[in-house]
Amino acid sequence: MIEAKQVGKIFRTSKGKDDVRAVDGVSFRCEPGRVFALLGPNGSGKTTLLRMISTLMSPDAGELKVLGFDCVKESEEVRKRIGFLTGSAGLHEKLSGRETLEFFGKLHGIPSATLKKKITEMVEEFDLTEFIDRATGKISMGQKQRIMIARTLIHDPEVVIFDEATTGLDVLAAKGLIDIIRACRDAGKTVLFSTHIMGEVALLADDVTVLHKGRQIYSGSIEDLKESQVGESMEEKFINLLETADSNLKKEMASC
Amino acid sequence: MLAVMWASLKKEIREVMRDKRTLLLTILVPLGFYPAMSLMTKDLEQKQSAKMSERVVTIAVSGWEDDTELRMYNLVDSKMAWKSAESDQMQGLLDSGKVDVFLEVEKETVEGYDQRKVKLHYFSTIRGTIAYQDVMVFLTALKTAEVEKRLKGKEYLINPIEIIGAENHLTAREISGSKYGGMGAYFIIFLAFTGCMAVAVDTAAGEKERGTLEAMLVTPASFMGVAFGKLVFIIIMGLISVLSTIGGIVIMVIGYGGDSGFNLSQVGFISLLGIAVLLLALVLFFATILFTFSILAKSNKEAHVRSSMLMIVVAMSLVYCIIPGVELTKSILWVPILNAAMSIKALWGGAMPLADYFQVLVILLVLSALVLLWISRKVNADREKVLLKQ
């Protein structure tokens, strides 16, 4: 389970006047066995929020907990229990897939014998046999993505976070990832994924929070979102939501 | 084709003109390198020659019972100081540095006229060689004056002063040290730096840029654990570079067929061990500095530029150790990198005081520890800014 209460993050500049409120008072709750989507256009604060959950960044305000562990005070306990896959993360290109999994397994403190067994299982589960012993710099984008997913799940985390993980993938590779997200949900894991693609949300999410300019402009079930917004397609509903948020923000600014 | 080429060239120029660091490295640094080097070496040369001109050559003489002529000469040229000594004092006086040249004189009388056979003893260091040359000039002048005096008096003409030889009292090791020590230290240290640099940039800034560091940071492993692993790796690569350089020197010596005058066995086990420990400390210093530079860089390119600038600083400071006459002074002991280079040179020649050696070692270790402490504090205080790709 992930709990966020009034979480805020400001990127400060040396002069102070250009400070950016990347995340502003965001609250939500992700339950185990459900897929939670974080939806928002580029620069809405999704990655910053996920980086705070994965303890890479610290919030300036509010409270963030993963499985009851505080993301700031008990960051190591949080990291033991999460798997974080981000579109910007790369692979050590001189290492093979197997060596990559071995290395990350060691960083997670998995004993050698267990790790070997786990890698064998993952090779089968994610269909990595063909390229597991090839340098990751010499395999295709889709194959790399599968290695990265295996790397994320090597320690069997209870909470899995995917940050724009389908970016750059072809249709088949993206579908493979979507299947994995579903499998994680079915295994009772807490799944949180961020995207700016409305179609993915409609396909996968049970719950959704929409971020825009760091603010939370919607939080609820995907069904409620479909019903509450005007528009023929999901994309139209999403754009409608953003435009409403923008006009509200303008009114707010004018009243100040 | 030409239009595309021109557009491409224009775009590259536009980009580079906005990249201050690249401009600094490719234009300003090369532009300033030689003038700066020439200013530094000129200043050093001036100081050296001023020191030499002020210096008094001390000469000890044995067997010249009445050295009035010598002392008279001393009156007109204050650069020379004379002292009487016995032959058995020779080695002690030369070793202590109290005497630059020792003259061993044997007097013979032929037809009632004195003839002196002179043998010179000296160390072929820069200082010793200059002193030796000064004494040779003096003896030739003295001999000419004596010959002229005898010719005028129509006296029996016999060679009044005959130089029967000159003996260099430096050991083969000391000669090797003064001949190869500076150059050897220069290349070993410079290549140790480039060895560390080759991997430090990629292992820190490269991992940050590729996003692999971020993947490691979301594991329970501590960053300091990961960082120390990387640091040890950089040190190993620096040491491999050192060993390869030494291997290259050995190949060069074999190539000369042993005629190069270079023999590593002359240096001795203890001194070699001392050099090895010093190199280890120096590689640790390089590794911490380069790792810090790289991890603080926002991109791989920035890390490369920073390291290249540091490489230029290292190369410039190392030039001092190959300039003839520059010795390990108390002030040089405090200059990191140069102090190690001068110490290696001194160890090579067998003239390194133990206290100075430990001072250099401690300075390098303390500086490395301080850099490590600083970067670990910086990471703890601003983890996001330092470790994450912005």
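My aim in this report is to walk through the structure given alongside it, one point at a time. (Residues numbered from 1 in each chain as written. Chains lettered and ligands numbered in written order. Predicted model: local features only at pLDDT ≥ 70, side-chain atom pairs only at ≥ 80, totals over all residues. Heavy atoms only, no water.)

Along the backbone of chain B there are 13 helices and five strands. Put simply, chain B has 390 residues, and 44% of those count as buried. (Helix = DSSP H or I, 4+ residues; strand = E, 2+ residues; numbered from the N terminus. Buried < 20%, exposed > 50% of the residue type's maximum accessible area, 1.4 Å probe, protein only.)

This brings us to the overall build of chain A. Check the secondary structure of chain A and you find nine helices and ten strands. The C-alpha atoms of chain A give 19 Å as radius of gyration, which agrees with the globular expectation for 256 residues (18 Å, within 12%). The principal-axis extents of the C-alpha atoms in chain A amount to approximately 65 × 40 × 35 Å. Classification of the 256 residues of chain A by burial places 49% in the buried group. Here the analysis covers contacts within chain A between residues at least 6 apart in sequence; of these, 66% occur between residues at least 24 apart. A distance of 5 Å separates the average location of the 36 positive side-chain charges in chain A from that of its 39 negative side-chain charges. (Rg over C-alpha atoms; globule rule 2.2 N^0.38 Å. Contact = heavy atoms within 4.5 Å. Lys, Arg positive; Asp, Glu negative; His and termini not counted. Charge placed at Lys NZ, Arg CZ, Asp CG, Glu CD.)

For the rest of this paragraph, the subject is the interface of chain B and chain A. In many analyses, interface size is given as the accessible surface area lost on bringing the parts together. Contact residues are listed per partner, giving 17 residues for chain B and 21 residues for chain A. Between chain B and chain A, roughly 1800 Å² of surface is buried when both sides are summed, and carbon and sulfur atoms account for 59% of that area. Considering only the surface of chain B that becomes buried against chain A, B:Val218, B:Pro220 and B:Glu384 emerge as the three largest contributors, covering 36% of it. Our enumeration of links across chain B and chain A arrives at two salt bridges. The closest approach of N and O atoms between B:Glu384 and A:Lys9, which form a salt bridge, is 2.8 Å. Here chain B is connected to chain A by six residue pairs in polar contact (both at pLDDT 80 or more). Counting residues per element, the ones that place at least two in the side of chain B that touches chain A are α6 (172–210), α7 (212–217) and α13 (383–387) of chain B. Examining the composition of the side of chain B that touches chain A, we find that five residues originate from one element, α7(B), more than from any other. For the side of chain B that touches chain A, the class distribution of residues is eight nonpolar, three polar and six charged. (Buried area = accessible area lost by both parts, 1.4 Å probe. Salt bridge = Lys/Arg side-chain N within 4 Å of Asp/Glu carboxyl O. Polar contact = N/O pair within 3.5 Å; in protein donor to acceptor, adjacent residues only side chain to side chain. Nonpolar A, V, L, I, M, F, W, Y, C, P; charged D, E, K, R; others polar.)

Now for the environment of A:Glu77. As for its placement among the helices and strands, A:Glu77 is situated in helix α2 (residues 75–81). When the C-alpha atoms of A:Glu77 and A:Met1 are compared, they prove to be 14 Å apart, with 76 residues separating the residues in sequence.

To continue, consider the packing of aromatic side chains. A complete count under the given rule lists eight aromatic pairs over all chains for this structure. Note on B:Tyr186 and B:Phe187: the rings are 5.3 Å apart at their centroids and 80° apart in plane angle, and the pair reads as edge-to-face. Using a relative accessible area of 14% as the deciding quantity, one classes B:Tyr186 as buried. An aromatic cluster is present here, built from B:Tyr186, B:Phe187 and B:Phe190 joined pairwise through their rings. Cation over ring: A:Arg151 sits above A:Phe104, and NZ or CZ is 4.8 Å from the ring centre. (Phe/Tyr/Trp six-rings, centres within 6.5 Å; stacked < 30°, edge-to-face > 60°. Lys NZ or Arg CZ within 6 Å of the ring centre and 35° of its normal.)

Turning next to helix α5 (residues 141–153) of chain A. Between the first and last C-alpha of α5(A) there are 19 Å, a value that for 13 residues agrees with the 18 Å anticipated at 1.5 Å per step. With respect to burial, α5(A) is a largely interior element, ten of its 13 residues being buried. Taken together, the buried positions of α5(A) are A:Gln143, A:Lys144, A:Gln145, A:Ile147, A:Met148, A:Ile149, A:Ala150, A:Arg151, A:Thr152 and A:Leu153. Among the structural elements, β6 (82–86), α3 (97–107), α4 (112–125), β7 (159–163) and α6 (171–186) of chain A together with α7 of chain B are those in contact with the buried residues of α5(A). (Expected span 1.5 Å × (residues − 1).)

So, about a nonpolar patch on the surface. Residues and elements named next belong to chain B. The grouping of Trp6, Leu9, Ile13 and Met17 at the surface amounts to a nonpolar patch, some 440 Å² of accessible area in total. By the secondary structure assignment, methionine 17 is in helix α1 (residues 2–17). Exposure remark for methionine 17: the relative accessible area of 54% places this residue in the exposed category. (Patch = residues over 30% accessible without salt bridge, like charges linked within 9 Å, V, L, I, M, F, W, Y side chains within 5 Å. Areas by Shrake-Rupley, 256 points an atom, 1.4 Å probe, with all protein chains shown as cover.)

Glancing now at the packing of α3(A) against α5(A). Residues and elements named next belong to chain A. α5 packs onto α3 with a crossing angle of 20° between their chain directions and a minimal axis gap of 9 Å. Of the possible angle classes, the one that applies to α3 and α5 is roughly parallel. For the crossing formed where α3 meets α5, the hand is right-handed. Residues Gly97, Thr100, Leu101 and Phe104 of α3 form the contact with α5, whose own contacting residues are Ile147, Ala150 and Arg151. (Axes fitted to C-alpha atoms, helices over the stretch in contact; angles between N-to-C directions. Parallel < 35°, antiparallel > 145°, perpendicular 65-115°, else oblique. Left-handed = near helix turned anticlockwise from the far one by under 90°.)

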